[in-house]
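Chains, contacts and geometry: an overview
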Amino acid sequence: MRYDEGMRGLLGTLWVGLAVACQQESAPPGYPPPQAYPPPQAYPRQGYPPQAYPPQPYPRPQAYPPQAYPPPQAYPPRQPSAPAWSPRPPPPPVAPAPAQRCAAGRVTVDRPDDRAEHQIKVFYVLPRDGADEGLDVNGAIARSVSSFDHWLRGQTGGAGLRFDRCAGVLDIAFVRLAKSDAEVASAGAFVREQIQAGIIAAGFDHPRKLNLAYYGGSSRLSCGGGAWPPKLVGRTAAMYLKGTPPGAPPCASNPLGASPTQPGYLDFSALHESLHTLGFVGACAPHHTRAGHTSDDPRDLMYAGDQPWRPQLLDVGRDDYFGHGRADCPDLARSAFVDPLPPSPLVPAGW
Ligand SMILES: [Zn+2]
């Protein structure tokens, strides 16, 4: 038996939690009842002793729990407010920010921008009572973004996503929510919406910025979530760093930003949720499955299915969400958030 298949046996016991990287809603219908899952005592028998758990050795992609995603109809019903994908001319350039206005340290405001185009703004968000681990100022979040950006540019041959930077340095803002961890977690499948509301309440609402929040609080369902326009319009992707998905390792058992060039589970997941929030994978994609995912290869960044997720490739076959060249389905290569800006850049619904 190949190692992967052995792991699959283990991971098969985990899929109840599957709720690992992303979810936007509660447990879907159609899953086997809880009593069908193997009993907890069967869990460590495949070489995964409980005492190893946490911490999880890393990198260990084959140990990623598989993801299962709720069906699209579980999304809150919303009508697209705009065409699913529309052209948007770039704004006039801004002068790069002077370095003296980009001083290091914690900030709760938006520093001056290097660029005017659509971009991703990164946040470190804590619930009112959340422990401050300084992830915005100790390099962890910066390395996380660097790792998946480095990986993405390697996959595309150079193009990546545009981030909010000040004099070249990732501009990470800190937001402390008014709600406690328990209050936010009680939102269940809507933790992401709570985070988004807190970011807006803190004064961040730039019309060309997508929010990527590293949230130092919990979710009982998953380690992260994203919007998925046009079905679920929104501007915030979030990682729930203290999440405790059922039947899976605590999210915090994975390191964040362990390397500036090699993404780990949480880092890949942050990119995965960001792409959802940009409208990927479109329901029109040939291998679309499970509300915004691909079905054709578990190594795909956007895979969801019954196999363990082992992210290492961007759009396997280049036919679903990157570089497919069709005008009738969202293509990351044409996104206004891509750097360098492609010709005729497009934005998803709600932008
Ligand atoms: Zn997903």
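Residues numbered from 1 in each chain as written. Predicted model: local features only at pLDDT ≥ 70, side-chain atom pairs only at ≥ 80, totals over all residues.

Helices and strands together make up the secondary structure of the protein, namely 5 helices and 13 strands. In the protein, which comprises 351 residues, the proportion classed as buried is 48%. Across the protein, contacts joining residues at least 24 apart in sequence account for 73% of those joining residues at least 6 apart. (Helix = DSSP H or I, 4+ residues; strand = E, 2+ residues; numbered from the N terminus. Buried ≥ 20, exposed ≤ 12 C-beta atoms within 10 Å, placed from the backbone. Contact = placed C-beta atoms within 7 Å.)

Ranked by internal contacts, the top residues of the largest apolar core, which has 65 residues, are Phe123, Val125, Ala213, Tyr214, Tyr215 and Met239. Those residues in contact with valine 125 that lie beyond four places of it in its chain are Val175, Leu177, Ile195, Gly198, Ile199, Ala213, Tyr214 and Tyr215. (Core = buried A, V, L, I, M, F, W, Y, C linked by C-beta atoms within 7 Å.)

A few words now on the packing of helix 2 (residues 140–156) against helix 5 (residues 265–277). Packing of helix 2 against helix 5 leaves a shortest axis separation of 9 Å and a crossing angle of 70°. Considering the angle they form, helix 2 stands roughly perpendicular to helix 5. In this structure, the crossing between helix 2 and helix 5 has a hand that is right-handed. Residues Ser144, Ser147, Phe148 and Leu152 of helix 2 lie in contact with helix 5, whose contacting residues are Leu266, Asp267, Phe268, Ala270 and Leu271. Here the contact of helix 2 with helix 5 is composed, by residue class, of 6 nonpolar, 2 polar and 1 charged. (Axes fitted to C-alpha atoms, helices over the stretch in contact; angles between N-to-C directions. Parallel < 35°, antiparallel > 145°, perpendicular 65-115°, else oblique. Left-handed = near helix turned anticlockwise from the far one by under 90°. Nonpolar A, V, L, I, M, F, W, Y, C, P; charged D, E, K, R; others polar.)

With that settled, the discussion passes to unusual backbone geometry. Residues proline 229 and proline 230 are joined by a peptide bond in cis, for which omega reads 5°. Following the sequence through the fold, proline 230 ends up in the loop between strand 8 (224–225) and strand 9 (236–240). Note the cis peptide between aspartate 339 and proline 340, where omega equals 0°. Residue placement: proline 340 occurs in the loop between strand 12 (338–339) and strand 13 (346–348). Unusually for a residue other than glycine, alanine 167 sits at a positive phi of about 50°. With respect to the element layout, alanine 167 can be found in the loop between strand 4 (165–166) and strand 5 (169–170). With phi around 60°, alanine 291 is a residue other than glycine that occupies positive phi space.

Let's shift gears to the environment of leucine 341. Here leucine 341 is to be found in the loop between strand 12 and strand 13. As a C-alpha pair, leucine 341 and proline 90 span 251 residues in sequence and 8.4 Å in three-dimensional space. Excluding residues within four positions of it along the chain, leucine 341 makes contact with Pro90 and Glu117.

Read from one edge of the open sheet, 5 strands run 6-2-7-9-8, paired in mixed fashion. Edge positions in the sheet fall to strand 6 (172–176) and strand 8, since each of these pairs with one other strand and no more. Two strands pair when backbone bridges link them, and strand 8 and strand 9 are joined in this way by 2 bridges, in the antiparallel orientation. In the strand pairing of strand 9, glycine 225 is matched with alanine 238. Helix 4 (residues 191–201) rests against strand 2 (119–126), strand 6, strand 7 (209–215), strand 8 and strand 9 of the sheet, and its axis sits at about 115° to strand 9. (Pairing = 2+ DSSP bridges.)

Note that proline 250 resides in the loop between strand 9 and helix 5. The exposure class of proline 250 is partly exposed, given the 16 C-beta atoms found within 10 Å. A sequence separation of 30 residues divides proline 250 from arginine 220, and the C-alpha atoms of the two residues are 9.8 Å apart.

Here we take up the pairing of strand 2. Across the 8 residues that make up strand 2, a large majority, 8, are buried. What you see with strand 2 is no split at all: Gln119, Lys121, Phe123 and Val125 on one side and Ile120, Val122, Tyr124 and Leu126 on the other are buried throughout. Two strands pair when backbone bridges link them, and strand 2 and strand 7 are joined in this way by 7 bridges, in the parallel orientation. Bridge assignment links lysine 121 to a residue of strand 7, and that residue is asparagine 211. In this sheet, strand 6 lies alongside strand 2 in parallel orientation, the contact comprising 5 bridges. Looking at the pairing, valine 122 lines up with isoleucine 172 of strand 6.

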